[in-house]
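Now for the letters of each chain:
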Amino acid sequence: MLKKISLLVAAAVVLAGCGGGDGTTSAGTGTGAGDDSIVMGFSQVGAESGWRTANTKSVQESAKSAGVELKFSDAQQKQENQIKALRSFIQQKVDVIAFSPVVESGWDTVLKEAQNAKIPVILTDRAVDSKDTSLYKTFLGSDFVEEGKKAGQWLVEEYKDAKDPVNIVELQGTTGSAPANDRKAGFAEVIGADPKFKIIASQTGDFTRAKGKEVMEAFLKSNPDIDVLYAHNDDMGLGAIEAIEGAGKTPGTDIKIITVDAVKDGMQALADGKINYIVECSPLLGPQLMDLAKKVVKGEQVPPRVVTEETTFTQEQAKQALPSRQY
Ligand code: GYE
């Protein structure tokens, strides 16, 4: 029903010569409440990290200001819960489904069901590995391979004069998730050019502080000679800092630490000298998501991939950025 109205609205826009339809990377408008209000089913991964909390807030607030009715579902890091949520959105005949897939594989069946029901799907934050890219309209989120490369590039520069081997331990994100796969791959590619860089242990910490601490404790017990920790997110890095301090070592000095995200707690640890470098990954996807959703529901063309803009932070840069950090 709403689609028909939306089509009429879209036609009216074209007739009025307003044009538009490209340039989706701008931040949200927030003025769309009213006649063309849409219903979005959003399946979130969970609440595993500071990044995720900020992302949820961004999606909820942007929906509100864009006049999008949001049906929000928390999957508690379980794919089966996400599949259930998507099926329930299909049953409820929402106008658009957006979700952040906890892992990359295993989505084809449910995405096909959404396609058969003619409900457009937008991937936010994380990708799926489906061969059939017609199963979703667009993917909005970071380039995780690039993030891994940035982490590796800092390390290569930091140790450019070192002759001895550099022993690295890695705390991976959730097994099978796009950010864990890609951050690992990007990092490995860059450091792989020099054999002195050795990843001596690599394990998942599931993107949580508690697991990051636990796995780092185990790493410290079995490896007396760790030079560097690469954690796929701030939260695992923060947990690991507790483990390192607990083992009587100084994080940031005895063991250099690189993380990804740049949430406030991570930036504080960076400014305090406990982390050495953070690659930013922005969780503020809400405004762009609402813009894309409105276009997709109207049947307008959207780019198949919208990449978030991000930077990196040294300790000095963190000190400057902290006071105005939003999340
Ligand atoms: O880096 C991590 C979160 O998918 C980009 O998920 C996201 C990642 C983020 O739990 O902190």
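Residues numbered from 1 in each chain as written. Predicted model: local features only at pLDDT ≥ 70, side-chain atom pairs only at ≥ 80, totals over all residues. Heavy atoms only, no water.

K.L.:
Where do I start with the site of the ligand in this structure?
P.N.:
Around the ligand sit 13 residues, and of these Glu 48, Asp 125, Arg 126, Asn 233 and Asp 261 come closest. Glu 48 is positioned with one of its side-chain polar atoms (N or O) 2.5 Å from an oxygen atom of the ligand. Between an oxygen atom of the ligand and a side-chain N or O atom of Asn 233, the distance comes to 2.8 Å. The pocket occupied by the ligand, as judged from atoms lying within 2 Å of grid points, is the largest cavity. (Near = heavy atom within 4 Å. Polar contact = N/O pair within 3.5 Å; in protein donor to acceptor, adjacent residues only side chain to side chain. 1 Å grid on protein atoms, 1.4 Å probe; cavity = no way out; pocket = protein on both sides within 12 Å on 5 of 7 lines; lining within 4 Å. Sits in = over half its atoms within 2 Å of the grid points.)

K.L.:
Would you mind going over the sheet that holds strand E8 (residues 228-231) with me for this structure?
P.N.:
Think of a sheet as strands paired side by side through backbone hydrogen bonds, with each pair either parallel or antiparallel. Read across the sheet, 6 strands follow the order E7-E6-E8-E9-E10-E12 without closing on themselves; strand pairing throughout is mixed. Sheet topology places strand E7 (197-204) and strand E12 (312-313) at the edges, where each strand pairs with a single neighbour. (Pairing = 2+ DSSP bridges. Helix = DSSP H or I, 4+ residues; strand = E, 2+ residues; numbered from the N terminus.)

K.L.:
Could you clarify how one ought to interpret the environment of Val 121 in this entry?
P.N.:
Locating Val 121 in the fold gives a position in strand E4 (residues 121-124). Classification of Val 121 as buried rests on a relative accessible area of 2%. (Buried < 20%, exposed > 50% of the residue type's maximum accessible area, 1.4 Å probe, protein only.)

K.L.:
In this structure, what is going on with the packing of helix H2 (residues 50-66) against helix H10 (residues 286-297)? I would like to understand it.
P.N.:
For any two helices packed against each other, one specifies the crossing angle of their axes together with the interaxial distance. Two numbers describe how H2 lies on H10: the axes approach to 8 Å, and their chain directions differ by 50 degrees. Taken together, the axes of H2 and H10 are oblique relative to one another. The element H2 and its partner H10 pack so that their crossing is right-handed. Contacts between H2 and H10 pair Ser 58, Val 59, Ser 62, Ala 63 and Ala 66 from the former with Gly 286, Pro 287, Leu 289, Met 290 and Lys 294 from the latter. Classifying every residue of the contact of H2 with H10 gives 6 nonpolar, 3 polar and 1 charged. (Axes fitted to C-alpha atoms, helices over the stretch in contact; angles between N-to-C directions. Parallel < 35°, antiparallel > 145°, perpendicular 65-115°, else oblique. Left-handed = near helix turned anticlockwise from the far one by under 90°. Contact = heavy atoms within 4.5 Å. Nonpolar A, V, L, I, M, F, W, Y, C, P; charged D, E, K, R; others polar.)

K.L.:
Would you explain the pairing of E8 in this entry?
P.N.:
Residues in a regular strand project their side chains so that they alternate between the two faces of the sheet. Residues of E8 alternate between two faces, with Val 228 and Tyr 230 on one and Leu 229 and Ala 231 on the opposite face, all of them buried. Where E8 meets strand E9 (residues 256-261), 3 bridges bridge the pair, whose relative direction is parallel. In the strand pairing of E9, Val 228 is matched with Lys 256. Running through helix H8 (residues 234-246), the crossover from E8 to the neighbouring parallel element E9 is right-handed. (Right-handed = clockwise from strand over helix to strand, strands pointing away.)

Shape descriptors only; they carry no functional weight alone.
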